[in-house]
There are 2 protein chains.
Amino acid sequence: MGGSEAGDDSKPKGNRGISFLDFIMRIVAILGTLGSAIAMGTTNETLPSFEQFIRFKAEYKNLPTFTFFVVANGIVSAYLAVSLVLSILHIVMSGARITRVVLIFFDTVMMAFLTSGASAAAAIVYLAHKGNASANWIAICQQYNSFCDRASGSLVGSFIGVLVFLLIIILSALALSRN
Amino acid sequence: MGGSEAGDDSKPKGNRGISFLDFIMRIVAILGTLGSAIAMGTTNETLPSFEQFIRFKAEYKNLPTFTFFVVANGIVSAYLAVSLVLSILHIVMSGARITRVVLIFFDTVMMAFLTSGASAAAAIVYLAHKGNASANWIAICQQYNSFCDRASGSLVGSFIGVLVFLLIIILSALALSRN
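A few points on the structure. These numbers were taken from a predicted model, which means no experiment stands behind them.

Screw-axis analysis of chain B against chain A gives a translation of 0.0 Å along the axis, an RMSD of 0.0 Å, and a rotation angle of 180°. Seen this way, the second copy is the image of the first under a two-fold rotation axis. Minimal C-alpha separation from the rotation axis in chain B is found for B:Ala120, amounting to 2.1 Å. Most of the interface of chain B is mirrored in chain A, where 100% of its interface residues are also at the interface.

A few words now on the side chain of A:Thr33. Examined against the element boundaries, A:Thr33 turns out to sit in helix 1 (residues 10–42). Contacts of A:Thr33, omitting those with residues within four sequence positions, involve A:Asn73, A:Val76, A:Ser77, A:Leu80, A:Leu114 and A:Gly157.

Looking now at the nonpolar core. If you look at the biggest cluster of nonpolar residues, it comprises 52 residues, and the most contacted ones within it are A:Leu80, A:Met111, A:Phe165, B:Leu80, B:Met111 and B:Phe165. Mapped onto this core, the elements with two or more residues apiece are helix 1, helix 2 (64–92), helix 3 (98–130) and helix 4 (145–178) of chain A together with helix 1 (10–42), helix 2 (64–92), helix 3 (98–130) and helix 4 (145–178) of chain B. Non-local contacts of A:Phe165, meaning those with residues more than four positions away in its chain, are made with A:Val76, A:Tyr79, A:Leu80, A:Asp107, A:Met110, A:Met111 and A:Leu114. Counting 50 residues, the second-largest nonpolar core is a separate cluster that includes A:Ala121, A:Ile140, B:Val125 and B:Phe147.

So, on to the packing of helix 4 of chain A against helix 4 of chain B. Where helix 4 of chain A meets helix 4 of chain B, the axes come as close as 7 Å, and the angle between the chain directions of the two elements is 25°. Looking at the two axes, helix 4 of chain A sits roughly parallel to helix 4 of chain B. Pair helix 4 of chain A / helix 4 of chain B crosses with left-handed handedness. Listed contacts from helix 4 of chain B to A:Ala173, A:Leu176 and A:Ser177 of helix 4 of chain A are B:Ala173, B:Leu176 and B:Ser177. Looking at the contact of helix 4 of chain A with helix 4 of chain B, its residues break down into four nonpolar, two polar and no charged.

Rules and cut-offs
- The numbers attached to residues start from 1 for each chain and follow its sequence in the written order.
- Working convention: letters from A go to chains and numbers from 1 go to ligands, in the order in which they are written.
- Reporting of local features is limited, given that this is a predicted model, to residues whose pLDDT is at least 70; pairs of side-chain atoms are given and counted only at 80 or more, and all residues count toward the totals for whole chains, interfaces and linings.
- Side-chain calculation: all heavy atoms of the structure are included, whereas hydrogens and water are not.
- Superposing copies: least-squares fit, C-alpha atoms only, residues required to have pLDDT of at least 70 in both.
- Between two residues, a contact is recorded if the distance between any of their heavy atoms is within 4.5 Å.
- Numbering goes from the N terminus for both helices and strands, where a helix is a DSSP run of H or I of at least four residues and a strand is a run of E of at least two.
- Residues enter a nonpolar core if they are buried and are Ala, Val, Leu, Ile, Met, Phe, Trp, Tyr or Cys, with the set joined through side-chain atoms within 4.5 Å.
- Residue burial is assigned from relative accessible area. The probe radius is 1.4 Å, only protein chains are included, and a residue is buried under 20% of its type maximum, exposed over 50%, and partly exposed in between.
- Every angle, taken between N-to-C directions, lies between 0 and 180 degrees, and every axis is a line fitted to C-alpha atoms, over only the stretch in contact when it is a helix.
- To sort the angles, those under 35 degrees are grouped as roughly parallel, those over 145 as roughly antiparallel, those from 65 to 115 as roughly perpendicular, and the leftovers as oblique.
- Crossings are assigned a handedness: left-handed for a near helix turned anticlockwise from the far helix by less than a right angle, right-handed for a clockwise turn.
- Side-chain classes are defined by residue name, with Ala, Val, Leu, Ile, Met, Phe, Trp, Tyr, Cys and Pro counting as nonpolar, Asp, Glu, Lys and Arg as charged, and the others, Gly among them, as polar.

Below, the structure written as structure tokens:
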């Protein structure tokens, strides 16, 4: 990983490559999580009703799990934006150790937070699609079609974010082991 | 962290302490995840019914998310048992680098897997307790009281496992940075 470049001190150069990759991947994760937060946060569907005063409206605020999903994605994308500072620092100072350990810690916490939000939302999206006969929960997607599609789609960016976090953490560990 | 012991080469000794802590924490995580899998996997509740041929039975198999939870906890506890081998190796060879990076990778994957199972189950447990008015999902816990208590309780071991994984990963990163 960049270690093939000829040079007197190949290890720091390799770490510089890793740090640059880290920076790019954080941008990807920001796009994914921010996209997820916006996609879930802005979708709503109002069903036409014959009764004038009764309106059925589906939006993320009505489902606490989806609210958690939007909040988690928002916080994680904000964290990722802040973490870019340390990421740039690691490109410049490729021999850094303590800041890498600090970053691994926060990355792992944020990865768990994001995984938590994405998985909880996925469980509810699954339920909305399939329903559950034994619990008597109906599949609301049959009514709220476009809301369900949007909610399902918004999971993608979040899970991409989880995968990117996994790569970021392993790259940081690799950089630490080469120092 | 063990570094306070007097010695000529304090760093490897410190890593030995970290590796020993790693071993102990993996045991704790095994107990947590195995306990969760068993607690959720063995609970079921059959409601008394006046109709002879209709029986309402709540068990984890009827809720796909709970099945996922049991499988995830089972796989993670099995992984943790296997990982004890590398953990012991790190106590003996406290200067190891490559195996630590490998372990960080698998630990992170398993942490995400466990977080996913625990959070998805938590979303369903929350729904079972509170229900959701806008989606017309009833709070089944009012009927299946003991099933719900058991399912809620089984989340604890799993989330303890997630916290322990977080500590294990950060300790591994710390050990790598001291090598």
